[in-house]
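Report on the structure
Now for the letters of each chain:
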Amino acid sequence: MTDAPRIPSELTLRSLRVFVALEETGSIAGAALRIGGSSSGVSQHITALEAAIGARLFDRRAKPVTLTPAGQVLRAHAHRILSVVSEAQAELAEISLTSLPQLNLAIIDDLDASLTPVLVSALQARFRKCFVNAFSGRSDKIIERLNAREADIGVTALLPADTTTFQSAPILRETFILVTAKGAIGPGGDAREALTRLPFVQYSETMPIGQKVTQHLKRVKMNVPRRFAFEATRSVLAMVVQTGGWTLTTPLNLLDAERFIPMVDILPLPFAGETRHVHLVARAEELGHLPEALARDCRRILRDVLVPRFAAIAPGFERAIEVAGDEA
């Protein structure tokens, strides 16, 4: 995003957003990152705002920058003004949604079967004349669709790089688990040492989950030979069973390949853990309160259906999947 070459010396929504970004981040660079602009643009907006008000708003010599008395007065007004504007935009978006002809969803494969029917039903109940088109795929593909406006709402384990254009709501956090072929690691043995002797079946590193697992194994200094990689969890677990090997996966992925449960063991990691977060993502201020409502629907179905189901197939690992808001 480029800043306008001329900034008027008056109170504008843009200048108030820049002011709040600087107040909250405490640095020019942090504010620029928050609003998707440049450091020079932030400085220009603050200078113009100070000229419009007739007083300095920040002590820029402090690290982090601090508010002056005038800045403290403006802070309360700025937050209130932006909150009212945001609420107005949300309500206007709700009005425009009543005649929405089509809405495109994009949901990660792991949750497609469980969440998609729920979300589509919720959307049909709210907007009876709206055609809902649903896509399932990898998190990186969902982000691509959101960026290209081929998806209006995404449920993904990745967040868009542009945090000013999109809003996100947390759905769940899940901890990676160790899955081995049945009986591959005997009770009481050194699990970490045993893993070095067993075939490791990995997710393809073209996928976000494959990249995450590879990076984590490097961090914990687990050097495992690269033999084969697969994109689908069903293929990964089938190969684990076939070779008597092991893999790292998540509760959602395990539920997506539930038919392999009788043929594998689910074990705690013999090294530091890793987590994955899933969010509902939509373009900011375009869909009103709809993303928040759908995020609540997602959490409800996860809490009522998926968490109990995982607890049943993996006793003792209940905490490996936590719905947002349920964390202790």
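Remember, predicted model here, so these are calculated numbers, not experimental data. (Residues numbered from 1 in each chain as written. Predicted model: local features only at pLDDT ≥ 70, side-chain atom pairs only at ≥ 80, totals over all residues. Heavy atoms only, no water.)

With respect to the overall build of the chain
Defined as follows: Counting from the N terminus, the helices are DSSP H or I runs at least four residues long and the strands are E runs at least two residues long. Think of it in three bands: residues with accessible area under 20% of the maximum for their type are buried, residues over 50% are exposed, and the middle band is partly exposed, with areas taken using a 1.4 Å probe on protein chains only. We call two residues in contact whenever any of their non-hydrogen atoms come within 4.5 Å of each other. Using the Shrake-Rupley algorithm and a 1.4 Å probe, accessible areas are obtained, with residue cover drawn only from the displayed protein chains. Asp and Glu count as negative and Lys and Arg as positive, but His and the ends of the chain are not part of the count. Where a charge sits is defined by one atom per residue type, namely NZ (Lys), CZ (Arg), CG (Asp) or CD (Glu).
Secondary structure assignment for the chain yields 11 helices and 13 strands. Principal-axis analysis of the C-alpha atoms gives the chain an extent of 75 × 50 × 35 Å. Burial statistics for the chain: of 328 residues in total, 47% are counted as buried. Residue pairs at least 24 apart in sequence account for 75% of intrachain contacts in the chain once pairs closer than 6 positions are excluded. Accessible surface, the chain as shown: approximately 16,100 Å² in total, 54% of it carbon and sulfur. Positive and negative side-chain charges in the chain, numbering 37 and 35 respectively, have mean positions lying 3 Å apart.

Structural notes on the sheet that holds strand β3 (residues 102-108)
The condition that has to hold: Strand pairing requires that DSSP identify at least two bridges connecting the strands. Fitted lines through C-alpha atoms give the axes, limited to the stretch in contact for helices. The angle between two N-to-C directions lies from 0 to 180 degrees.
Read from one edge to the other, the open sheet built from six strands follows the order β4-β3-β5-β12-β6-β13, with strand pairing classed as mixed. Looking at the sheet topology across the chains shown, the edges are occupied by β4 (131-137) and β13 (321-323). If you compare each strand with its neighbour and ignore which way they point, the axes differ by 15° on average. Relative to strand β12 (residues 275-283), strand β6 (residues 166-175) runs antiparallel, the two being bridged by nine bridges. Residue pairing for β12: L172 is matched across the bridge by V278. Across the face of the sheet, helix α5 (residues 109-126) comes into contact with β3, β4, β5 (153-156) and β12 while running at roughly 155° to β3. Against the sheet, helix α11 (residues 290-313) engages β3, β5, β6, β12 and β13, with an angle of about 10° to β6.

Some remarks on the side chain of T250
Where we set the bar: Between N or O atoms, a polar contact is any pair within 3.5 Å; within protein, one atom must be a potential hydrogen donor and the other a potential acceptor, and residues adjacent in sequence are included only when both atoms are from side chains.
Counting through the fold element by element, T250 comes out in the loop between β10 (246-249) and α10 (251-256). Judged by its relative accessible area of 0%, T250 is buried. Within the structure, the side chain of T250 is placed 2.8 Å from the side chain of N253, a separation counted as a polar contact. Once residues lying within four places of it in the same chain are set aside, the contact partners of T250 are E174, T175, F176, I177, I209 and R276.

Let's talk about unusual backbone geometry
With omega at 0°, the peptide bond leading from K63 into P64 counts as cis. Note on placement: P64 falls in the loop between β1 (58-59) and β2 (66-67). Of note, R149 is a non-glycine position whose phi angle comes to about 60°, a positive value. Structurally, the position occupied by R149 is in the loop between α6 (139-147) and β5. Even without being a glycine, K221 presents a positive backbone phi close to 60°. Along the chain, K221 turns up in the loop between α8 (208-219) and β9 (229-230). The class of K221 is exposed, set by a relative accessible area of 64%.

Honestly, it's all geometry; don't read function into it.
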